[in-house]
Amino acid sequence: MTSRSVLLLALAAPCALALHTPAMRVGAPAHGLQQQGPAASLARPAVSADALRLKGGAKAVAEAPKAWYAAFWNETVEITVLFGLWYWGNIYYNIYNKKALNLVGGAKGGLVWSVAFVQLAVGALWVVPLWLLGIRKSPNMTMDKWKAMAPVGLWAAGAHGGSVVALGAGAVSFGQILKACEPAFSAVTEVVLTGNVQAWQVYATLIPIIGGVAFASLKELSFSWLAVISAMIANQSAALKGVQGKALMKEPWVKAMGAANQYGCANILSVLWTLPIMLLSEGPKWQESWSKATAKSSEKDILTNTFLSGFAFYLYNEVSFMALSKVSPITHSVANTLKRVVIIVVSCVVFNTKMTTEGIVGSAIAILGTLLYSLAKQNTALAATKQREAAAPPLAVVGASGRGARSPQQPAPRSGAPAPAARR
């Protein structure tokens, strides 16, 4: 690992520690296809020792002893490592991806979809051997399950391919600014496909997002309509993936897969969807484009940067889903916003990219808008959840004697009348 890698990891770890606080940590189930709503951010209520006693006065279950490695490997350390790998992978994906695209001639070099395909294929070549060798438990997939996940794989392929084209047509910083518009597409897609209308505060946060992106684009030095259109296609694909992935997450078999296997299966489907797009768009002139690229750059440099970008892409996506299963969606949203800022700064330093004053101010407004959107959506959904819980009828509590204990709203039985039976 180079000194620059160590430096980036050192920068990422404090960010993870600052974001990971006990008040925001939850024990939510793993989910990789879609970030869940506010219910995922609610910690489970503590269970008292009395509740653990069996009926008849049995002794409470003893707390299991801590493992020998708990002193240096615990939940805080695990989340710090996940956030560090998430940031490191995302930063280096953008660096290696931009280098690979520059070597093959950028978005108009005729090999951009080939780069996107290889990047996704590297992820498949990584996860499949883990399943075959038993290092990771393989998911129990059937043909019907693959078909159910196919739309998610399609939109994941569109999101990745569109982003690669956008990053090849413009600067990394400009691509990140354009991708900040994704919440606007998500809001509209959610209404159209599900009819779910959010509170006005959620839609109000779209104003700084759209306005910030527009302002940042006014005097963007690397402005390209191809980058804009491709980024918007990527944003729409990501929105469709999010909506359909959220619906698919309700299936028990998807939840049982775990975050890592969910992403692994979606990635394999993305490879299959990207292959025909690559063949149709670049296949007829692939040899000619490859000859032009290798005439200016070495094959080793092209393949090295492409494969490294693919590994970094798979790594940061998988650990991102794993991190989401360990923290609240709000924490994840804050971390994702900070990550975009870090990528813009690092890419400007690595590629010596100059940003105009309008670009700096506009990107700051847009990125802040994305954070406000996430927070507003989580708070609105959390309020709706609390309202539903308050409206739900209270459940009777089973006492130590096995008889039903009264809820606060339940009147006491008349003298001589039997106590009401507990709900089961």
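**Digging into the pattern of salt bridges**
Okay, so step 1: Inspection of every chain in the model, using the stated rule, returns three salt bridges.
Okay, so step 2: Among the ionic pairs, E318 bridges to R136, the shortest N-O distance being 2.8 Å. With E318 in helix α14 (residues 299-324) and R136 in the loop between α4 (112-132) and α5 (143-169), this pair connects stretches of sequence that are 182 residues apart.
Okay, so step 3: Owing to a relative accessible area of 18%, R136 belongs among the buried residues under this scheme.
Okay, so step 4: The closest approach of N and O atoms between E288 and K292, which form a salt bridge, is 3.5 Å. Here E288 pairs with K292, and both are found in helix α13 (residues 286-296), just four residues apart, close to one helical turn.

**Here's the deal with the confidence of the model for the chain**
Okay, so step 1: The predicted model of the chain has a mean per-residue pLDDT of 79, with 75% of residues at 70 or higher.
Okay, so step 2: Averaged pLDDT values for the elements of the chain fall to 42 in helix α1 (residues 3-19) and rise to 95 in α4.
Okay, so step 3: Counted against residues more than four places away or in other chains, residues 3-32, with its pLDDT under 50, gives 68 contacts.

**Considerations on the packing of aromatic side chains**
Okay, so step 1: Summed over the entire model, instances satisfying the criterion amount to 12 aromatic pairs.
Okay, so step 2: Considering the side-chain rings of W88 and Y92, the 5.3 Å spacing of their centres and the 35° angle between planes classify their relative orientation as tilted. Linking W88 with Y92, this pair stays in helix α3 (residues 75-103), spanning four residues, or about one helical turn.
Okay, so step 3: A residue is classified by how much of its surface remains accessible, and W88, at 17% relative accessible area, is buried.
Okay, so step 4: Note on Y263 and Y314: the rings are 5.0 Å apart at their centroids and 50° apart in plane angle, and the pair reads as tilted. Taken together, the residues Y263 in helix α12 (residues 259-282) and Y314 in helix α14 connect sequence positions 51 residues apart. Neither Y263 nor Y314 differs from the other in exposure class; each is buried.
Okay, so step 5: Aromatic rings pair up to connect F83, W86 and Y87 into one cluster.

Quick notes on the rules
- Residues numbered from 1 in each chain as written.
- Predicted model: local features only at pLDDT ≥ 70, side-chain atom pairs only at ≥ 80, totals over all residues.
- Heavy atoms only, no water.
- Salt bridge = Lys/Arg side-chain N within 4 Å of Asp/Glu carboxyl O.
- Helix = DSSP H or I, 4+ residues; strand = E, 2+ residues; numbered from the N terminus.
- Buried < 20%, exposed > 50% of the residue type's maximum accessible area, 1.4 Å probe, protein only.
- pLDDT = per-residue confidence, 0-100.
- Contact = heavy atoms within 4.5 Å.
- Phe/Tyr/Trp six-rings, centres within 6.5 Å; stacked < 30°, edge-to-face > 60°.

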